[in-house]
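Residue-level structure breakdown
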Amino acid sequence: MAARVLVVGGGVIGLSCAWRLAEAGHEVTLVAPDPGRDSASWVAAGMLAPVTEVQFGEAPLTELLREGAARWKEFATSLERASGHDVGYDESGTLTVALDTSDRAALDQLLAYQHSLGCTAHRRTASECRALVPSLTPTLRGGIEVPGDHHVDNRALLGALVQACRTKGIRFVPLSVEAVAAGGAGGGGPSVDLSDGSRLGSDHLLLAAGTGTPHIGGLGAAGLPEIRPVKGHILRLGPAEGRTGPPLLPRTVRALVHGRSIYLVPRPDGTLVVGATMEERGTDLGVRAGAVHELLCDARAVVPGIDELELLEAGTGLRPATPDNTPVVGWTALAGVAVASGHFRNGMLLAPLTAAAVVDLFGAAPGDE
Ligand SMILES: Cc1cc2nc3c(=O)[nH]c(=O)nc-3n(C[C@H](O)[C@H](O)[C@H](O)COP(=O)(O)OP(=O)(O)OC[C@H]3O[C@@H](n4cnc5c(N)ncnc54)[C@H](O)[C@@H]3O)c2cc1C
């Protein structure tokens, strides 16, 4: 049956769920101060990289990430159709390179683990790497090519999602949610108290507020796992005004630089997204000079040509992390209140899968699938 659904949060998770719920026939209202903008999703790199992201001991999460990646092509195509906007979905693959012999040994271990999980990944020599990406430093020690790890332009994606939501008639309420009240025993649905003092009712409520989720009042009995912020510094570099020419990178490049991880993700306009640090610093969003310096030094060690680019932006974002790094998607212990949060490093990658799971949770409206 079609339901009145309230979605709290305007990052990639809230917007994707709202759009797919409206497509499934629900009447959706989305509450967020500045949908698309004020979020980790706005600063993210947009890598869709389940294989490159493999972490030792997280095989079930890798399986989930691979399932997430498999949803992306269809999601991008239908979103572009629904919004009329290109989302910059790019299937050029990912190359991870090693800068010294220890980095090479670490990549070889990673490659063996990727193969043990059945992932497609190829060992490449230094000259094979440079044939794939000529702007790489000549001193690298080979790498791993993962043809199936793609990327999307996160900001184009968010713009397209907002547009698709508007086209579907979703109502946007540009406020914060202060507190949630569960559905009543008499059949009334859950409601939210808003920052302007008003209250909004619904049949179902979806909490998709990223690291803001645990700070919403009234969730003491919801049974949510801990969702903590993990800060990331990220840079955007671009060609100097008036400079044109072939893009510096034809695909995403990741690297181990004397044990530190770095990535450089190209955008169609020649911009490079360079990231990212992983820092446990609570909700602090300040940009630290030392973090920017480290990212620039490591990026320059991998692709010396970044020297010619301008530093367009240095930003930070907060990844919503759970204790086991796995997102939490499903009903809470509060009647009518569901959650989709805790996507940590993979919110972009998992958005299509999460939205599909939420539509299943709320049930599609008859005749509207
Ligand atoms: C530096 C960096 C790089 C990253 N790179 C990648 C990547 O390459 N690939 C990938 O898959 N993932 C990446 N991530 C992770 C990804 O960005 C997150 O997992 C994802 O953005 C989480 O989306 P979200 O919608 O849950 O939260 P957010 O994007 O943070 O959105 C939260 C939303 O909730 C709203 N909100 C908060 N509190 C309230 C409230 N009380 N009331 C109403 N609204 C509220 C906010 O305003 C915002 O709109 C990266 C993250 C960082 C920080």
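Residues numbered from 1 in each chain as written. Predicted model: local features only at pLDDT ≥ 70, side-chain atom pairs only at ≥ 80, totals over all residues. Heavy atoms only, no water.

1. Thoughts on the side chain of E53
Structurally, E53 is set in the loop between strand 3 (47-48) and helix 3 (59-70). The exposure class of E53 is buried, given its relative accessible area of 9%. Engagement of the side chain of E53 in a polar contact is seen with the side chain of R345, the distance being 2.9 Å. Among residues more than four places away in sequence, those in contact with E53 are L65, R254, R345 and N346. (Helix = DSSP H or I, 4+ residues; strand = E, 2+ residues; numbered from the N terminus. Buried < 20%, exposed > 50% of the residue type's maximum accessible area, 1.4 Å probe, protein only. Polar contact = N/O pair within 3.5 Å; in protein donor to acceptor, adjacent residues only side chain to side chain. Contact = heavy atoms within 4.5 Å.)

2. Quick word on the sheet that holds strand 14 (residues 252-257)
Pairing is mixed across the open sheet formed by eight strands, whose spatial order is 5-6-4-14-15-16-13-17. The open sheet is flanked by strand 5 (122-124) and strand 17 (309-321), the only strands paired with a single partner. The average angle at which neighbouring strand axes cross in this sheet is 20°, direction not considered. Pairing of strand 4 (residues 94-98) with strand 6 (residues 143-146) involves four bridges; the strand directions are antiparallel. (Pairing = 2+ DSSP bridges. Axes fitted to C-alpha atoms, helices over the stretch in contact; angles between N-to-C directions.)

3. As for the packing of aromatic side chains
Evaluation of the coordinates by the stated rule reveals five aromatic pairs. Here the aromatic rings of W72 and F75 are separated by 5.4 Å at their centres, their planes lie at 70°, and the arrangement is edge-to-face. Residue W72 and its partner F75 are both found in helix 4 (residues 72-83); the two are separated by three residues, about one turn of the helix. Each member of the pair, W72 together with F75, is buried. Here the aromatic residues W19, W72, F75 and Y89 are joined through ring pairs into a cluster of three or more. (Phe/Tyr/Trp six-rings, centres within 6.5 Å; stacked < 30°, edge-to-face > 60°.)

4. Looking at the pattern of salt bridges
What the rule picks out here adds up to 20 salt bridges. Here D108 ties to R104 by a salt bridge, and the two come within 2.8 Å at their closest N and O atoms. Separated by four residues within a single helix, D108 and R104 lie in helix 5 (residues 101-116), roughly one turn from each other. For D298, the salt bridge identified is with R260, shortest N-O distance 2.8 Å. Placement of D298 in helix 8 (residues 289-302) and of R260 in strand 15 (residues 260-266) is noted, with a sequence separation of 38 residues between them. (Salt bridge = Lys/Arg side-chain N within 4 Å of Asp/Glu carboxyl O.)

5. Brief notes about the sheet that holds strand 10 (residues 191-194)
The three strands are arranged 9-10-11 in an open sheet whose pairing can be described as antiparallel. Either end of the sheet is taken by a strand with one partner, and the two such strands are strand 9 (177-181) and strand 11 (199-201). Across the sheet, the axes of successive neighbouring strands diverge by a mean angle of 20°, strand direction being ignored. Pairing analysis gives four bridges linking strand 9 to strand 10, with the strands arranged antiparallel. The partner of A179 across the bridge, within strand 10, is D193.

6. Some remarks on the side chain of S16
Mapped onto the secondary structure, S16 falls in helix 1 (residues 12-23). Those residues in contact with S16 that sit more than four places away from it in its chain are F75, L161, A351 and A355.

7. Thoughts on the site of the ligand
In the vicinity of the ligand there are 38 residues, among which S41, M47, V177, F344 and R345 approach most closely. Measuring from an oxygen atom of the ligand, one finds a backbone N or O atom of M348 at 3.0 Å. At 2.9 Å from an oxygen atom of the ligand is found a main-chain nitrogen or oxygen belonging to L349. For the ligand, the protein covers 94% of the area, taking 1,000 Å² as the surface of the free molecule. Among the elements of the structure, helix 1, helix 2 (40-43), strand 13 (228-239), strand 17 and helix 9 (347-362) are those that each provide at least two residues to the shell around the ligand. (Near = heavy atom within 4 Å. Areas by Shrake-Rupley, 256 points an atom, 1.4 Å probe, with all protein chains shown as cover.)

8. A look at the nonpolar core
Ranked by size, the top nonpolar core spans 47 residues in total, and within it L79, L157 and L206 carry the most contacts. Those elements that provide at least two residues to this core are strand 1 (4-8), helix 1, strand 2 (27-31), helix 3, helix 4, helix 7 (154-167), strand 19 (337-341) and helix 9. With nine residues, helix 9 is the largest single contributor of residues to this core. Ranked by size, the runner-up nonpolar core spans 23 residues in total, among them L235, L237, I262 and V274. (Core = buried A, V, L, I, M, F, W, Y, C linked by side-chain atoms within 4.5 Å.)

9. A few points about unusual backbone geometry
Between G275 and the following residue, A276, the backbone shows a cis peptide bond with an omega angle of -15°. Structurally, A276 can be placed in the loop between strand 16 (272-275) and helix 8. Residues other than glycine seldom take positive phi values, yet H258 does so here, at roughly 50°. Position of H258 among the secondary structure elements: in the loop between strand 14 and strand 15. Even without a glycine there, the phi angle at N325 is positive, about 65°. With respect to the helices, strands and loops of the structure, N325 is situated in the loop between strand 17 and strand 18 (328-331). Classification of N325 by relative accessible area gives buried; the value is 19%.

10. Focus: helix 4
Here helix 4 spans 16 Å end to end across twelve residues, near enough to the 16 Å set by a 1.5 Å rise per residue. Within helix 4 the residues assigned to the buried category are W72, F75, A76, S78, L79 and S83. Buried residues belonging to helix 4 abut helix 1, strand 3, helix 3, helix 7 and helix 9. Looking one or two residues past helix 4, G84 carries a phi angle of roughly 75°, positive in sign. (Expected span 1.5 Å × (residues − 1).)

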